[in-house]
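Architecture at a glance
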Amino acid sequence: IGILGINQVPVFVGDFIPAPLDCDPAPSQPRYAKSGLSPSQSDALFEQLTQLMQKQEVYKNPELSLGELAEYLSVHPNYLSQVINEKTGQNYYLYINKLRIEAFLQVAALPHKQHYSLLALAFESGFNSKSTFNKYFKAVMGETPSEYFSLIRT
């Protein structure tokens, strides 16, 4: 088969120029244009979400999923994802982990928590692995936890 392929030189000779496509791309619609969620419903849902995060601190649950959070709010997960994306400009994971980083920074500043390791405080804030904590800490703060705290302590 290889010899037959090599002997068919005309297949491999010449420049191949693809023909231009005559169809125009479909006009882009705004994201979530077909969503059944009205702007007022979106605002109300975001307010409920904010209240839930502030009062119950459900983000500290390391196993929290979008579906579980949607159940807390009695809404479909797609609507919750849409609201988080539109109102914060972040996806679900970045939104939740940013809240965890903020909680971590608050706990790390407490004098009676100074004897705990950074990892222990991260677990207390809702992270379930060191790598996830380091990844999101760097994404939110712009530097690693050790770099951040070495600058503060000096």
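See above for the structure.
Attention here is on the structure that accompanies the text. This one's a predicted model, so the numbers in the text were calculated from it and none came from an experiment. (Residues numbered from 1 in each chain as written. Predicted model: local features only at pLDDT ≥ 70, side-chain atom pairs only at ≥ 80, totals over all residues. Heavy atoms only, no water.)

1. Focus: the nonpolar core
Formed by 19 residues in total, the largest nonpolar core has its most connected members in Leu49, Met53, Leu69, Leu80, Tyr95 and Ile96. If you look at the next biggest cluster of nonpolar residues, it comprises 12 residues, including Ile101, Tyr136, Phe137 and Tyr148. (Core = buried A, V, L, I, M, F, W, Y, C linked by side-chain atoms within 4.5 Å. Buried < 20%, exposed > 50% of the residue type's maximum accessible area, 1.4 Å probe, protein only.)

2. What about the packing of aromatic side chains?
All chains considered together, the criterion is met by eight aromatic pairs. Ring centres of Phe104 and Phe133 lie 4.8 Å apart, and the angle between their planes is 65 degrees; this geometry places the pair in the edge-to-face category. Of this pair, Phe104 sits in helix H5 (residues 92–108) while Phe133 sits in helix H7 (residues 130–141); the two residues are 29 residues apart in sequence, bridging distant segments of the chain. We note that Phe104, like Phe133, is buried. Each ring, one from Phe137 and one from Tyr148, has its centre 5.6 Å from the other, and the planes form 75 degrees; the classification is edge-to-face. Highlighted residues: Phe137 in helix H7 and Tyr148 in helix H8 (residues 145–153), separated in sequence by 11 residues. (Phe/Tyr/Trp six-rings, centres within 6.5 Å; stacked < 30°, edge-to-face > 60°. Helix = DSSP H or I, 4+ residues; strand = E, 2+ residues; numbered from the N terminus.)

3. Looking at the packing of helix H2 (residues 39–55) against helix H4 (residues 77–88)
For the pair H2 and H4, interaxial distance at closest approach is 10 Å and the crossing angle is 90 degrees. With respect to H4, the element H2 is oriented roughly perpendicular. Each of Ser42, Asp43, Leu45, Phe46 and Leu49 in H2 lies in contact with H4, whose residues at this interface are Tyr79, Leu80, Val83, Ile84, Glu86, Lys87 and Thr88. Of the residues that constitute the contact of H2 with H4, the class distribution is seven nonpolar, two polar and three charged. (Axes fitted to C-alpha atoms, helices over the stretch in contact; angles between N-to-C directions. Parallel < 35°, antiparallel > 145°, perpendicular 65-115°, else oblique. Contact = heavy atoms within 4.5 Å. Nonpolar A, V, L, I, M, F, W, Y, C, P; charged D, E, K, R; others polar.)

4. Brief notes about H7
Helix length check: H7 (12 residues) gives 16 Å between terminal C-alpha atoms against 16 Å at 1.5 Å per residue, within 8%. Regarding H7, the residues found buried are Phe133, Tyr136 and Phe137. Considered in projection along H7, the buried side chains sweep an arc of 110 degrees and stay on one side of the axis. Seen from the buried face of H7, the exposed residues on the opposite side, beyond 90 degrees, are Ser131, Lys135 and Ala139. (Expected span 1.5 Å × (residues − 1). Arc of directions from axis to C-beta.)

5. What to know about unusual backbone geometry
Only a minority of non-glycine residues have a phi that is not negative, and only a minority of peptide bonds are not trans. The phi dihedral of Glu57 falls on the positive side, at around 50 degrees, and the residue is not glycine. Mapped onto the secondary structure, Glu57 falls in the loop between H2 and helix H3 (66–73). Not every positive phi belongs to a glycine, and Ser74 is a case in point at roughly 55 degrees. Assignment of secondary structure puts Ser74 in the loop between H3 and H4.

6. A few points about the pattern of salt bridges
Enumeration according to the criterion identifies three salt bridges in this entry. Here Lys113 ties to Glu124 by a salt bridge, and the two come within 3.1 Å at their closest N and O atoms. Taken together, the positions of Lys113 in the loop between H5 and helix H6 (118–124) and Glu124 in helix H6 put the pair 11 residues apart, joining distant regions of the chain. Its relative accessible area of 35% is what places Glu124 among the partly exposed residues. (Salt bridge = Lys/Arg side-chain N within 4 Å of Asp/Glu carboxyl O.)

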